[in-house]
Amino acid sequence: WTKYFFFPINLCSSTTKAKWFKQHDQDNSDVCRIKISINMKWFTITESAKKQMENLLSKNPEKYAVSLAVLGGGCAGFKYDWGFVDKKEDIGTDDHVEDWNTGKFVVDEQSMLYVAGTQIDWKEEVFGSQFEITNPNATAGCGCGESFGV
């Protein structure tokens, strides 16, 4: 993805200022724009998590995708909210979609700020099974596994 960040001109290095002025023929601008391009994988979804998402979608054929959102609340400040997207048209233009042909996973744009770089796994245990989220952005957590802080 590519993002542009705008900074007051006095915070930009002289090299950045020179490039900015040269690119835009502006020598009196009060801001400089820095382009940052990053190649990163938004999520790592394990095979067992993909299979479980596929199972959920096959049991709910009227749904388009499995979704994950971050909401305020929970023991540590934020909580994960699992759900479904009903149809493709419900997905925002800046929402992130993982599509592996037999399943789809969607995270809304706002939630991406909190879960970028996350690993999602499916854990089968004796007394219950659940999606396990390993979130590198979380600085605090709760024993329930559904709440986190940043």
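Everything that follows concerns the structure shown earlier in this document.
A brief structural summary. Here the structure is a predicted model, which is why all the values come from computation and not from measurement.

**Overview of the pairing of strand β4 (residues 65–72)**
Along β4, six of the eight residues are buried, which leaves the element largely enclosed by surrounding structure. As defined by bridge partners, β4 adjoins strand β5 (residues 78–85) across eight bridges and the pair is classed as antiparallel. Note on β5: the bridge partner recorded for Leu 68 is Trp 82. Connecting β4 to the next strand, β5, in antiparallel fashion are five residues, including Gly 73 with a positive phi near 125°. Sheet topology note: the β4/strand β7 (residues 104–107) ladder contains three bridges and is parallel. Along β7, the bridge assignment pairs Leu 68 with Val 107.

**Comments concerning the pattern of salt bridges**
Counting across every chain of the model gives five salt bridges. Residue Asp 90 pairs with Lys 87 through a salt bridge whose shortest N-O separation is 3.8 Å.

**Quick word on the sheet that holds strand β9 (residues 128–134)**
What the three strands build is an open sheet, ordered β3-β8-β9; its pairing is mixed. Each edge of the open sheet is held by one strand with a lone partner, namely β3 (43–45) and β9. Going from strand to strand, the sheet's axes swing by 20° on average, the running direction of each strand aside. With respect to the sheet, helix α2 (residues 47–59) is in contact with β3, β8 (118–125) and β9, its orientation differing from that of β8 by roughly 75°.

**With respect to the nonpolar core**
Ranked by internal contacts, the top residues of the largest apolar core, which has 19 residues, are Phe 43, Met 53, Phe 105 and Ile 120. Mapped onto this core, the elements with two or more residues apiece are β3, α2, β4, β7, α3 (109–115), β8 and β9. When near neighbours in sequence (up to four residues on either side) are disregarded, Ile 120 contacts Phe 43, Thr 44, Ile 45, Thr 46, Ala 49, Met 53, Leu 68, Trp 82, Phe 105, Phe 131 and Glu 132.

So, how was this worked out
Residues numbered from 1 in each chain as written. Predicted model: local features only at pLDDT ≥ 70, side-chain atom pairs only at ≥ 80, totals over all residues. Heavy atoms only, no water. Buried < 20%, exposed > 50% of the residue type's maximum accessible area, 1.4 Å probe, protein only. Helix = DSSP H or I, 4+ residues; strand = E, 2+ residues; numbered from the N terminus. Pairing = 2+ DSSP bridges. Salt bridge = Lys/Arg side-chain N within 4 Å of Asp/Glu carboxyl O. Axes fitted to C-alpha atoms, helices over the stretch in contact; angles between N-to-C directions. Contact = heavy atoms within 4.5 Å. Core = buried A, V, L, I, M, F, W, Y, C linked by side-chain atoms within 4.5 Å.

Read these as layout, nothing more, since geometry by itself doesn't imply function.
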